[in-house]
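Working through the structure, step by step
The residues making up each chain are set out below.
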Amino acid sequence: MNDAGLLAQAVAALKTLGLNYAFVLDAGERQAFLRGLLVTFELCVLTVPCSLAAGVAIAAALTSPRRWVALPARAFVEVTRNTPTLVQLYCAFLVLNMLITQQLQGLGGNPLTPFVWVVIVVALHKGVFHAEALRAGIEAVPRVTLEAARSLGFSQRQLLWRVELPLALRFALPSLVNNLVDLVKMTAVASAIAVGDVTYESIMIWTQRDNVLELLLLILLYFGLLTWLVSLAGRWLEARWRMPGYGQ
Amino acid sequence: MASEIAAAPAAPALGTEAGAGFIAHLDPRRHPWLAALAAVLLLVAAWTATGTTPVALRHLWQWSPTLLLGLLTNVQISVLAMAIGTAVGLLVGALSFSPFAPVRGATRWYVQFFRNAPVLVLIYFTTYVFPFELRLAAWTVPFPDWLKVVLGLALPTSAVVAEIFRGAIQSIPSAQWEAAQSLAFRRGEIFRLIVLPQCLRRMLPPWMNLYASITMSTALSSLVGAHDVVDAAQVASNTVARTDFTVLVYFTLLAVFFAYCYPIARATRALERRHARH
C-alpha cells in the first residue's frame, strides 16, 4: 500500500515535468514491462556465453589447415558480416523454423521458440566478430615469445594452452568487450519476431497509451545500464589479467 | 582463306568459333564469378526455352520489380542518413576540440549516448516522436516514415563519424603541428594544408565500413512501416504463400544485401592494406 502510494507520488511528480508514466500504476502493464526487462536480461545472459563459444569454434575453423573446414568458415564469416541481422533472423525464424516445423509436424511440434532463435542468430552473428578478434589476438602474439617457450621445452599442446591462447585472449579482450556491448544492443531486434523483450513490451504499452517518449527514455536507460555493466566487467577483467609487458 | 570467303553465308558459325575462342580464353578457374554468371544465364535460357521454369522462380521474377523498388528505398535511406550523419558528425567532432570545457563535455555525452543506444530504439524514437506531417507556415508537408528512419540512422552515424574524425586528428603526431608552426604556418593553415589531407585518408576506410553498417541497418526500417526491400519480401512471401517461394525470397534478400555490402567491405580492406604499406 505504502509502495503504491510512493509510486503514485513519483508518477505525479514526473507528470509535472510533462512525462506521463501512468502505466506503472496499472498492475498488468507494470508487470508486462518488468517481464520485458527480465527477458532482455535473460537474452543477454544466455547470448554472451553462447557467442563466445561460437567465436572460439569459428576462430578454430578459420585457422584450420584443412581447406574444407576453413573455406566454408570463411564464407560463413563473410556472409554474416555483410548482411543485416534482421534478415538473418528472418531467414532463421521465418524460413528454417518453418521448415523444421513442417518436418516435425507428426512428432509433437517444434521445440524451438522465437527466444531460442534470437539467441542462436545473435550468438552466431557476434561469434563471427569474436572469431575475427581472437584471430587478430593470436596473430599479435610475438613469435619470439613462442620460440622462447619452445626452447624451454614446452610441448605443442602446452605452448597453445599456456602461452599462445592466454596472450591472444589478452590482446583480443578490448575488441571482445566492444563486441559484447554491440551484442547487448543487438538483442533489441528480438522484438521483430515478437519475443517479449523490453522493446516489444514497450511497443505494446505505447500503442495503448501514446507515451512513446517516456518509454523510450526508460529503454535507453536500461540498455545504457546493461552496456555499462558489460564494459565494467571488461575493464575489471583487463585489470585482473594484466601482464606487465603485454597489451596496454 | 578462300574457303572462308566461300563460307560467307555461314557467318554465324564463324561467330560461335570466335566466341568459343573467347570463352576458352576466360579460364573459369581464374574468373569464377563470370563462370557462375554464364552458368546461371545458360540455366535460365534452358528453362525459358523448354518452359520448365520452377514456379517459385517465376514468382520471384514477377516480384522482382517490387523488390528492386524496395531496395531503392534502402539505398536512398542509407545515402541520406550517411550525408546528414557525416555533416553533423564532422561538426560534433570539430567541437570536441573546442577550448571550452562545457562544449567538449557536451560532445562527449552526445557521442556516448548515441553510440550506446540500440539503432532500432533510435528508429522507433524518431518514427513515433516526430509528427506525420510538418506545418511550415501555411503549408503542411508530409513527413514520410522513410525520412524519419533517415533521421533515426543519422543520429548514431553522426556519433560514429565524430569519433572517427577525432581519432584521425589525434593520430597525426603533434610534432607536425610544432614543425609547421616553426615554418610560420597559421593554425588554420596547418589544419587545412597539413592535418586535414592526412586525416581524410585515414578516415576513408572506417567511413566506408560505417556506410556498409548503416546500409545493413536500413533493413530495420521495415519494422516501422517504411516500404523497403525487407517489407517487399514479406509482402511477397505472404501474398504468394508457398513454402518454396518463402525460402527463395528470404535467401534472395540475404543475397541482395550481401551483393551490395560485400564489395564495399572488400574495397575497404584493400584501402586499409594500401595505407598500411605507406
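Note that the structure is a prediction, hence the values are computed from the model and not measured.

**With respect to the overall build of chain A**
Each helix and strand in chain A was counted, giving nine helices and zero strands. Along chain A, from the amino end to the carboxyl end, the secondary structure elements read α-α-α-α-α-α-α-α-α. Burial status across chain A gives 31% buried among its 248 residues. A separation of at least 24 residues holds for 73% of the contacts in chain A among residues at least 6 apart in sequence.

**Details of the overall build of chain B**
When you go through chain B residue by residue, the secondary structure sums to eleven helices and two strands. Considering chain B as a whole, with its 278 residues, one finds that 29% of them fall into the buried category. Within chain B, contacts between residues at least 6 apart in sequence are counted, and of these 77% link residues at least 24 apart.

**A look at helix H7 (residues 145-171) of chain B**
With 27 residues, H7 of chain B should reach 39 Å at 1.5 Å per residue; the first-to-last C-alpha distance of 39 Å fits that figure. At alanine 154 of chain B, H7 of chain B is deflected by roughly 25 degrees, the largest bend along its length, and proline proline 156 of chain B occurs up to four residues later in sequence.

**Let's talk about the interface of chain B and chain A**
Listed by partner, the interface residues are 27 residues for chain B and 26 residues for chain A. Mapped by element, the contributors of at least two residues to the side of chain B that touches chain A are helix H6 (119-129), helix H9 (187-217) and helix H11 (243-277) of chain B. Of the residues contributing to the side of chain B that touches chain A, the split by class is 24 nonpolar, three polar and no charged.

**Describing the confidence of the model for chain A**
Per-chain confidence: chain A averages 87 in pLDDT, with 98% of residues scoring 70 or above. Of all the helices and strands in chain A, helix H1 (residues 2-16) of chain A carries the lowest mean pLDDT, 79, while helix H5 (residues 114-140) of chain A carries the highest, 92.

**As for helix H7 (residues 156-186) of chain A**
All names here are of chain A. If you check H7, its first and last C-alpha atoms are just 38 Å apart, much less than what 31 residues at 1.5 Å a residue would give, namely 45 Å. The largest bend along H7 reaches roughly 50 degrees and is located at leucine 173, with the proline proline 174 sitting one to four residues downstream. Among all positions of H7, only Leu167, Ala168, Arg170, Ala172, Leu176, Asn179, Leu180, Val181, Leu183, Val184, Lys185 and Met186 are buried. The inward-facing, buried residues of H7 contact helix H2 (27-62), helix H4 (85-103), H5, helix H6 (143-151) and helix H9 (212-241).

**Let's talk about the environment of leucine 57 of chain B**
All names here are of chain B. Within the secondary structure layout, leucine 57 lies in helix H4 (residues 55-95). On the basis of neighbour count, leucine 57 is assigned to the partly exposed category, with 15 C-beta atoms found within 10 Å. A C-alpha to C-alpha distance of 41 Å links leucine 57 and serine 158, two positions 101 residues apart in sequence.

**Here we look at the packing of H4 of chain B against H7 of chain B**
Residues and elements named next belong to chain B. Relative to each other, H4 and H7 sit at 40 degrees, their axes nearing to 6 Å. Taken as axis vectors, H4 and H7 run oblique relative to one another. In this structure, H4 crosses over H7, and the sense of that crossing is right-handed. Looking at the contact of H4 with H7 residue by residue, the classes come out as 18 nonpolar, seven polar and one charged.

**Quick look at unusual backbone geometry**
For alanine 194 of chain A, which is not a glycine, the phi torsion comes out positive at approximately 60 degrees. The topology assignment puts alanine 194 of chain A in the loop between H7 and helix H8 (198-209). The backbone of alanine 241 of chain B shows a phi angle near 55 degrees, a positive value even though the residue is not glycine. For alanine 241 of chain B, the location among the structural elements is in the loop between helix H10 (229-240) and H11.

**Comments concerning the environment of valine 119 of chain B**
The topology assignment puts valine 119 of chain B in helix H6. Once you skip the residues sitting within four places of it in the chain, valine 119 of chain B turns out to touch Leu153, Pro156, Ser217 and Leu220 of chain B.

**Observations regarding the environment of lysine 148 of chain B**
Residue and element names in this part refer to chain B. The topology assignment puts lysine 148 in helix H7. Between the C-alpha atom of lysine 148 and that of phenylalanine 130, which follows or precedes it by 18 residues, the distance is 7.6 Å. When near neighbours in sequence (up to four residues on either side) are disregarded, lysine 148 contacts Thr126, Thr127, Phe130 and Phe143.

**Some points on the pairing of strand E2 (residues 139-142) of chain B**
Residue and element names in this part refer to chain B. Where strand E1 (residues 133-136) and E2 come together, four bridges link them in antiparallel fashion. Residue pairing for E2: arginine 135 is matched across the bridge by threonine 140. Counting the residues in the hairpin turn of E1 and E2 gives two residues, including alanine 137, whose phi is positive at 55 degrees.

Reading the values: the criteria
Residues numbered from 1 in each chain as written. Chains lettered and ligands numbered in written order. Predicted model: local features only at pLDDT ≥ 70, side-chain atom pairs only at ≥ 80, totals over all residues. Helix = DSSP H or I, 4+ residues; strand = E, 2+ residues; numbered from the N terminus. Buried ≥ 20, exposed ≤ 12 C-beta atoms within 10 Å, placed from the backbone. Contact = placed C-beta atoms within 7 Å. Expected span 1.5 Å × (residues − 1). Bend = angle between axes of the 7 residues up to and from the residue. Nonpolar A, V, L, I, M, F, W, Y, C, P; charged D, E, K, R; others polar. pLDDT = per-residue confidence, 0-100. Axes fitted to C-alpha atoms, helices over the stretch in contact; angles between N-to-C directions. Parallel < 35°, antiparallel > 145°, perpendicular 65-115°, else oblique. Left-handed = near helix turned anticlockwise from the far one by under 90°. Pairing = 2+ DSSP bridges.

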